[in-house]
Amino acid sequence: MTAPLTVVTGGSSGIGLALARRRAASGERVLLVARGRERLEAAAAALGAEALAADVAHDDGIAALGERLAAEPRIGLLVNNAGGPFRAPLLDHDHAAARDAVDLLYLSMVRVTGLAWDGLVAAGGSVVNVVSVAGTVATGSAPHYAAAKHAAIAWSRALHVEAAAVGVHVLTANPGPVATGAFPHDRLRGHRWARHAVIDDGACAERILRALERGRAESFQPEWWRAAAVAQAVAPGAMAWLARRSRRRFG
Ligand SMILES: NC(=O)c1ccc[n+]([C@@H]2O[C@H](COP(=O)([O-])OP(=O)(O)OC[C@H]3O[C@@H](n4cnc5c(N)ncnc54)[C@H](OP(=O)(O)O)[C@@H]3O)[C@@H](O)[C@H]2O)c1
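Please read all numbers here as calculations on a predicted model, not as lab measurements.

Conventions we followed
- Residues numbered from 1 in each chain as written.
- Predicted model: local features only at pLDDT ≥ 70, side-chain atom pairs only at ≥ 80, totals over all residues.
- Heavy atoms only, no water.
- Helix = DSSP H or I, 4+ residues; strand = E, 2+ residues; numbered from the N terminus.
- Rg over C-alpha atoms; globule rule 2.2 N^0.38 Å.
- Buried < 20%, exposed > 50% of the residue type's maximum accessible area, 1.4 Å probe, protein only.
- Patch = residues over 30% accessible without salt bridge, like charges linked within 9 Å, V, L, I, M, F, W, Y side chains within 5 Å.
- Areas by Shrake-Rupley, 256 points an atom, 1.4 Å probe, with all protein chains shown as cover.
- Salt bridge = Lys/Arg side-chain N within 4 Å of Asp/Glu carboxyl O.
- Polar contact = N/O pair within 3.5 Å; in protein donor to acceptor, adjacent residues only side chain to side chain.
- Contact = heavy atoms within 4.5 Å.
- Phe/Tyr/Trp six-rings, centres within 6.5 Å; stacked < 30°, edge-to-face > 60°.
- Near = heavy atom within 4 Å.
- Nonpolar A, V, L, I, M, F, W, Y, C, P; charged D, E, K, R; others polar.
- Expected span 1.5 Å × (residues − 1).
- Core = buried A, V, L, I, M, F, W, Y, C linked by side-chain atoms within 4.5 Å.
- Pairing = 2+ DSSP bridges.
- Axes fitted to C-alpha atoms, helices over the stretch in contact; angles between N-to-C directions.

Caption draft 1: Region of interest: the overall build of the protein chain. Along the protein chain, the regular secondary structure elements total nine helices and nine strands. Over its C-alpha trace the protein chain gives a radius of gyration of 18 Å, about what one expects of a compact globule, namely 18 Å for 251 residues. Summarising its shape, the C-alpha atoms of the protein chain cover approximately 55 × 40 × 30 Å along the three principal directions. Among the 251 residues that make up the protein chain, the fraction classed as buried is 49%.

Written out as structure tokens, the structure is:
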């Protein structure tokens, strides 16, 4: 029987590519999904993976992906990872940035998981939802990003419960700052102590896969970022003060 497929959205770069590289290196069949064909096809060729260009932020961007996943009898792992920064102001007149953030960072997970569902259930597979520490604490500098990630984290936690009933495992992964193309974190990396908070995409991928192997429901990369989520829950006033301070310093 053919081995189950690993599907990685946002697999052409950063955390998604680092995860895909590790799955391909352990002999898995891997399908990379992203919009930009050139980078996607180069990444897939380097890994011996399959490439499929799709825009997961829109219902009408995923027809080809739907057909491909419907033809796949068993999906061992789906990584919902496609994303990018949204640093638009909180109050724009037509709310376009808020809508775009929700479409990419939250609804894309709902869309692609729906397409992969039958294959995941058939394989008794796993889903990794790459959310963020920003799904547990909100800073003022990227309000729509934080709001969409909060929605994604709630959905991912609920999916964990629903999916367990049919033998599918769901891991909510919450990276802290990871230096990637879309998120270079230059100001953090230029700071004498804050630079230690930034990890690279390979280290992030290793931590996510370790948490998956251990059957964790939710993990942070690195794990000490969990303290931020706990602090938000027990001391929201102190966290708001800290967020105001860090916005002045790091933007
Ligand atoms: N880096 C961090 O500090 C950090 C921290 C916490 C969480 N995260 C999350 O980690 C995920 C990956 O980010 P990254 O840092 O690895 O960024 P990245 O290197 O820029 O990778 C983003 C990937 O998503 C793809 N993508 C973007 N929009 C897409 C769309 N509409 N449809 C399909 N694919 C799309 C990109 O390819 P195309 O542009 O060609 O489509 C690329 O492959 C994101 O969800 C991000 O929010 C990142």
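Caption draft 2: Here's a closer look at a nonpolar patch on the surface. On the surface, Val102, Leu107 and Val110 cluster together to form a nonpolar patch covering roughly 170 Å² of accessible area. Along the polypeptide, Leu107 turns up in helix H4 (residues 96-123).

Caption draft 3: Geometry of the side chain of Arg111. Its place among the elements puts Arg111 in helix H4. By relative accessible area, Arg111 is classed as buried at 13%. Here Asp103 takes part through its side chain, which lies 2.7 Å from a polar atom of the side chain of Arg111. Ignoring anything within four residues of it in the chain, the contact list for Arg111 reads Val56, Ala57, His58, Asp59, Ile62 and Asp103.

Caption draft 4: Geometry of the packing of aromatic side chains. Applying the stated rule across the entire model yields two aromatic pairs. For the pair Trp224 and Trp225, a centre-to-centre distance of 4.9 Å together with 25 degrees between the ring planes defines the contact as stacked. Taking the relative accessible area as the measure of exposure, Trp224 reaches 47% and is therefore partly exposed. Take Trp225: its relative accessible area is 19%, and that puts it in the buried class.

Caption draft 5: Summary view of the site of the ligand. Within the structure, the ligand sits among 32 residues, and Ser12, Ser13, Tyr145, Thr180 and His185 are positioned closest to it. Considering the ligand on its own, with 880 Å² of exposed area, one finds that the protein chains cover 94% of that surface. Contributions of two or more residues to the shell around the ligand are made by helix H1 (14-25) and helix H5 (143-164). When its residues are assigned to classes, the shell around the ligand shows 15 nonpolar, 13 polar and four charged.

Caption draft 6: Local environment of the environment of Gln221. Mapped onto the elements of the fold, Gln221 is located in strand E9 (residues 218-221). A relative accessible area of 0% means that Gln221 is categorised as buried. With 44 residues separating them in the primary sequence, Gln221 and Pro177 have C-alpha atoms 8.7 Å apart. Dropping the residues within four chain positions of it, Gln221 is found in contact with Ala173, Asn174, Pro175, Gly176, Ile199, Cys204, Arg207 and Ile208.

Caption draft 7: The arrangement of H1 in detail. With 12 residues, H1 should cover 16 Å at 1.5 Å per step; its first-to-last C-alpha distance of 17 Å lies within 8% of that length. Taken residue by residue, H1 has Gly14, Ile15, Gly16, Leu17, Ala18, Leu19, Ala20, Arg23 and Ala24 as its buried positions. Remark: Gly27 follows H1 within two positions and exhibits a positive phi of approximately 85 degrees.

Caption draft 8: Geometry of the nonpolar core. Judged by nonpolar contacts, the single largest core of 35 residues is most densely connected at Val7, Leu31, Val56 and Leu65. Mapped by element, the contributors of at least two residues to this core are strand E1 (5-9), strand E2 (29-34), helix H3 (63-70), strand E4 (75-80), H4 and H5. Not counting chain neighbours up to four residues away, the residues in contact with Leu65 comprise Leu31, Val33, Leu52, Ala54, Val56, Val112 and Leu115. Ala43, Leu47, Val178 and Leu212 belong to the second largest nonpolar core, which has 29 residues in total.

Caption draft 9: Geometry of the sheet that holds strand E6 (residues 169-175). The strand order E3-E2-E1-E4-E5-E6-E9 describes an open sheet built from seven strands, whose pairing is parallel. With one partner strand each, in any of the chains shown, strand E3 (50-53) and E9 form the two edges of the open sheet. Along the sheet, successive strands turn relative to each other by an average axial angle of 20 degrees, direction set aside. Pairing of E1 with E2, which is carried by five bridges, proceeds in the parallel orientation. Along E2, the bridge assignment pairs Leu5 with Arg29. Against the sheet, helix H2 (residues 37-47) engages E2 and E3, with an angle of about 165 degrees to E3.

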